[in-house]
Structures are given as C-alpha cells and as structure tokens.
Amino acid sequence: MVFSCRQCGSCCMYLGDYIVIEEQTGPFLFSCESVSTGTPFMAEIDEDKREIFSDHSFTEEHPHACRFLRPDGDLLRCTIHRDSPAQCKFYRCVALRVSDTTGTQRGNVTGALALHSDDAGLRRVWEDIIRQRPKADDEAEPWIAAFLRNKGYLVT
Ligand code: SF4
Ligand code: SF4
C-alpha cells in the first residue's frame, strides 16, 4: 500500500532539537539546520500557512515540537512543506501494517524498518527477520513483507 501521511503531526512533536532555526533572515524566511545530518537549509513559510505560523502559542505550549509545526483545525501541519528537509519529506511512520488472519492488527513496521508491536509472537518472528534480512533497505522491505506473509500474517 502506498504510504499516505494523515498529518497527525505526532512524528514532529519532539523534533524541536533536531530541526533548528539559526536565524530569521526575512519576514517568513529562516536559516535552519537539520541537526541529525548536520545539513543547513533555508526555509520559507508556505504562503498558505503564514497565518497559522504567525500564531506562536502552540510552540510556547509545546517547546519540544518542531518550530515549524502548527495546528490547523484537526490537523497538525508542517508550515514549510515546500522547503522541509529530505528526511522529513521521505519519512514514513508506517511502511507495513501487520495483521493476523482475523484482520486484527498486530504491529507496524516503520519506514526505517523497525517493528512497533507488543505482540510476543510477532516479536519472535521479527528476531528471525533481523538475522536473515537483506542489508539494503530497498531490498529488505519487500523481503520482510514476503517473510511475514509466509508466516501467515496479512501485510498491507
Ligand atoms: S508521518 Fe505518520 S506520524 Fe508523521 S504526521 Fe504523517 S501520519 Fe503522522
Ligand atoms: S520541518 Fe515540517 S515535517 Fe519536518 S519536523 Fe518540522 S514540522 Fe515536521
């Protein structure tokens, strides 16, 4: 299944130390750094999000959230969607959803190919996956899906 971001914003809530504003260089223009990769980048607030960006109460209430995250109705939205760093653009909180034969979801595999699950059986299968999976992530993702299907799981 193609990943579709629901814009829940939960992955951005604790990235305030990782996406750092170094300097404001214009009314809606910022010099920034992506700390985890040491990459500088320039970010201009998207034109259609300047109004919500200008309300800083969310940042004050959530000091660990990314400084570019803002509430917009029921959503939490990135206000630099155009200029956000590559790791934000390609981030997938869920790459594979893993269910048992009844359709009950047993866990998720993230885009970084980590298992999030409390299910003991699935966690045991995952130990085999870690030992045997291809090293390259692009090969590993379909391999993991096939491995889980062979073990009787539904993978979407
Ligand atoms: S990537 Fe996932 S956690 Fe992050 S905003 Fe989208 S749906 Fe939410
Ligand atoms: S730049 Fe946007 S996508 Fe990246 S952490 Fe901040 S709010 Fe989230």
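The structure displayed is predicted, hence computed values, not measured ones.

Undergrad: Can you tell me about the overall build of the protein chain, naming the residues and giving the values?
TA: A count of helical and extended segments in the protein chain gives five helices and nine strands. Taken over C-alpha atoms, the radius of gyration comes to 19 Å for the protein chain, far larger than the 15 Å a tight globule of 156 residues would show. Overall, the C-alpha framework of the protein chain stretches about 55 × 30 × 25 Å when taken along its three principal axes. Restricting the contact set of the protein chain to residue pairs at least 6 apart, pairs at least 24 apart contribute 42%. Of the roughly 9,800 Å² of accessible surface on the protein chain, 51% is carried by carbon and sulfur atoms.

Undergrad: Account for the packing of helix 4 (residues 120-132) against helix 5 (residues 137-150), naming residues and giving values.
TA: At a minimum axis distance of 11 Å, the contact between helix 4 and helix 5 shows a crossing angle of 135°. By the angle between their directions, the pair helix 4 and helix 5 is classed as oblique. Here helix 4 runs over helix 5; the crossing is right-handed. On helix 5, the residues touching Leu-122, Val-125, Trp-126, Asp-128, Ile-129 and Gln-132 of helix 4 are Trp-143, Ile-144, Phe-147 and Leu-148.

Undergrad: Break down the sheet that holds strand 9 (residues 154-155) for me, citing the residues and quoting the values.
TA: With antiparallel pairing, four strands are arranged side by side in an open sheet as 8-7-6-9. Of all strands in the sheet, those with a lone pairing partner are strand 8 (115-116) and strand 9, marking the two edges. Set on the sheet, helix 5 makes contact with strand 6 (96-99) and strand 9; between it and strand 6 the angle comes to about 5°.

Undergrad: Quick rundown of the layout of surface pockets? Include the residues and the values.
TA: In this structure, the largest pocket spans a volume of roughly 920 Å³. In terms of lining, the largest pocket is formed by 35 residues, of which the most central are Cys-5, Cys-11, Cys-12, Cys-88 and Tyr-91. Sorting the residues of the lining of the largest pocket by element identifies strand 5 (75-78) and helix 3 (86-89) as the ones contributing at least two each. The residue makeup of the lining of the largest pocket, split by class, is 19 nonpolar, 11 polar and five charged.

Undergrad: Before we move on, could you go through the pattern of salt bridges and cite the residues and values that matter?
TA: Per the stated rule, a full pass over the model turns up 11 salt bridges. Salt-bridge contacts for Glu-44 lead to Arg-50; the nearest nitrogen and oxygen are separated by 3.2 Å. Take Arg-50: its relative accessible area is 22%, and that puts it in the partly exposed class. For the salt bridge of Asp-83 with Arg-82, the shortest nitrogen-to-oxygen distance reads 3.0 Å.

Conventions adopted
- Residues numbered from 1 in each chain as written.
- Chains lettered and ligands numbered in written order.
- Predicted model: local features only at pLDDT ≥ 70, side-chain atom pairs only at ≥ 80, totals over all residues.
- Heavy atoms only, no water.
- Helix = DSSP H or I, 4+ residues; strand = E, 2+ residues; numbered from the N terminus.
- Rg over C-alpha atoms; globule rule 2.2 N^0.38 Å.
- Contact = heavy atoms within 4.5 Å.
- Areas by Shrake-Rupley, 256 points an atom, 1.4 Å probe, with all protein chains shown as cover.
- Axes fitted to C-alpha atoms, helices over the stretch in contact; angles between N-to-C directions.
- Parallel < 35°, antiparallel > 145°, perpendicular 65-115°, else oblique.
- Left-handed = near helix turned anticlockwise from the far one by under 90°.
- Pairing = 2+ DSSP bridges.
- 1 Å grid on protein atoms, 1.4 Å probe; cavity = no way out; pocket = protein on both sides within 12 Å on 5 of 7 lines; lining within 4 Å.
- Points joined across faces, edges and corners; volume = space filled by probe spheres on them.
- Nonpolar A, V, L, I, M, F, W, Y, C, P; charged D, E, K, R; others polar.
- Salt bridge = Lys/Arg side-chain N within 4 Å of Asp/Glu carboxyl O.
- Buried < 20%, exposed > 50% of the residue type's maximum accessible area, 1.4 Å probe, protein only.

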